[in-house]
Amino acid sequence: MPRRIIKKYMPDPKKLQEQKSLRFLGKLLEDPGLLHLTRRSVAKAFLVGIFFAFIPVPFQMVLAAAGAVLLHCNLPISVGLVWITNPITMPVMFYGTYLVGAWLLGVEAKPMPDELTLDWLGQLINDAWLPLYFGSAVVGVVMAVLSYFGIHLLWRWHVNKSWRTRKGKSSNPSSESDAKK
């Protein structure tokens, strides 16, 4: 994977420990594994971050940070992935998870209004919290597991491609000596 690019944007471990929102984790933030960029660490970070991105609760980032600490995975990636749920994507994502939950529970789903408002979202949460949260949990688990295995496959593909590229360069030494002449 493009480690150098990711490492460039990784926070300093000291700054991470100074964050007010993460102080509740205390000494747990001193775990060096929270900043490692290995296949397993990044895949678990995707598992945690994607799952909490689909759960409609406040403080998703704090929950993702706690999940990253518990699973010993990359903290910045898991917290950053929660931002898949943002003010632009939130209504569509949560209405979609509501529809999935209503379908799985056999409940009649309410149609989406012509204009998306916070009042409509609040009313939806009030009237349909069970299908919303059930659908969010199901979609969150499915998407988290798919992203976990997807990262493993993507990482393996990238490593194999790198090995093939290196092998191709080293197995053709005659072309390098011809180029020097």
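Remember, it's a predicted structure, so these values are computed and weren't measured experimentally.

Undergrad: Got a minute to help me understand the overall build of the protein in this structure?
TA: Counting its regular elements, the protein contains 9 helices and 0 strands. Listing the helices and strands of the protein from first to last along the sequence gives α-α-α-α-α-α-α-α-α. Within the protein, buried positions represent 33% of all 181 residues. Considering only contacts within the protein whose residues lie at least 6 apart along the sequence, 75% involve residues at least 24 apart. Carbon and sulfur atoms provide 65% of the accessible area of the protein, an area that totals close to 11900 Å².

Undergrad: Before we go on, may I ask you to explain the nonpolar core in this structure?
TA: Across soluble globular proteins, nonpolar side chains have a tendency to be buried as a group. The biggest cluster of nonpolar side chains holds 24 residues, and the ones touching the most others in it are Val42, Ala64, Leu75 and Ile77. Elements that contribute at least two residues to this core include exactly helix H3 (39-53), helix H4 (60-71), helix H5 (75-81) and helix H8 (129-170). Counting residues per element, this core draws most heavily on H3, at 6 residues. Residue contacts for Val42: discarding those within four places in its chain leaves Leu37, Ile77, Ile151 and Trp155. Core analysis: the second largest hydrophobic core is formed by 7 residues, Phe94, Tyr98, Leu121 and Leu132 among them.

Undergrad: Would you explain unusual backbone geometry in this entry?
TA: Most peptide bonds take the trans configuration, and most residues that are not glycine carry a negative phi. A positive phi angle, near 60 degrees, is found at Phe59, a position not held by glycine. Summarising the element assignment, Phe59 is placed in the loop between H3 and H4. Residue class for Phe59 comes out exposed when judged on its relative accessible area of 65%.

Undergrad: Would you take a moment to explain the environment of His152 for this structure?
TA: Position of His152 relative to the elements: it lies in helix H8. Judged by its relative accessible area of 13%, His152 is buried. Those residues in contact with His152 that sit more than four places away from it in its chain are Arg39, Arg40 and Ala43.

Undergrad: So what exactly am I meant to see when it comes to helix H6 (residues 90-105) here?
TA: Residue pairs three or four apart in sequence face the same way in an α-helix, which turns once every 3.6 residues. End to end, H6 covers 22 Å across 16 residues, agreeing with the expected 22 Å (1.5 Å per residue, within 8%). Buried within H6 we find Pro91, Met93, Phe94, Tyr95, Thr97, Tyr98, Gly101 and Ala102. Count one or two residues on from H6 and you reach Gly106, which has phi positive near 75 degrees.

Undergrad: Sorry if this is basic, but what is going on with the side chain of Ser41 here?
TA: Locating Ser41 in the fold gives a position in helix H3. Residue Ser41 is classed as buried on the basis of its relative accessible area of 4%. Within the structure, the side chain of Ser41 is placed 3.0 Å from the backbone nitrogen of Asn74, a separation counted as a polar contact.

Undergrad: Could you clarify how one ought to interpret a nonpolar patch on the surface in this entry?
TA: Together, Trp103, Leu104, Leu105, Val107, Trp129, Leu130, Tyr133 and Phe134 make up an exposed nonpolar region whose accessible area comes to about 820 Å². Taken together, the elements giving at least two residues each to the nonpolar patch come down to H6 and H8. Residue placement: Trp103 occurs in helix H6.

Undergrad: What am I meant to see in the confidence of the model for the protein here?
TA: Detailed conclusions should not be drawn from predicted coordinates in areas where pLDDT is low. In this model, the protein carries a mean pLDDT of 81, and residues with pLDDT of at least 70 account for 75%. Taken element by element, the protein is modelled with least confidence in helix H9 (residues 173-180), mean pLDDT 53, and with most confidence in H3, mean pLDDT 93.

Undergrad: Sorry, what's going on with the packing of aromatic side chains here?
TA: In this description, an aromatic ring pair is defined by two values, namely the gap between the centres and the angle between the planes. By the definition in use, this model includes 3 aromatic pairs. Here the aromatic rings of Tyr148 and Phe149 are separated by 5.1 Å at their centres, their planes lie at 80 degrees, and the arrangement is edge-to-face. Across from the ring centre of Trp163, 5.1 Å away, lies the NZ or CZ of Arg166, which sits over that ring.

Conventions we followed
- Residues numbered from 1 in each chain as written.
- Predicted model: local features only at pLDDT ≥ 70, side-chain atom pairs only at ≥ 80, totals over all residues.
- Heavy atoms only, no water.
- Helix = DSSP H or I, 4+ residues; strand = E, 2+ residues; numbered from the N terminus.
- Buried < 20%, exposed > 50% of the residue type's maximum accessible area, 1.4 Å probe, protein only.
- Contact = heavy atoms within 4.5 Å.
- Areas by Shrake-Rupley, 256 points an atom, 1.4 Å probe, with all protein chains shown as cover.
- Core = buried A, V, L, I, M, F, W, Y, C linked by side-chain atoms within 4.5 Å.
- Expected span 1.5 Å × (residues − 1).
- Polar contact = N/O pair within 3.5 Å; in protein donor to acceptor, adjacent residues only side chain to side chain.
- Patch = residues over 30% accessible without salt bridge, like charges linked within 9 Å, V, L, I, M, F, W, Y side chains within 5 Å.
- Salt bridge = Lys/Arg side-chain N within 4 Å of Asp/Glu carboxyl O.
- pLDDT = per-residue confidence, 0-100.
- Phe/Tyr/Trp six-rings, centres within 6.5 Å; stacked < 30°, edge-to-face > 60°.
- Lys NZ or Arg CZ within 6 Å of the ring centre and 35° of its normal.

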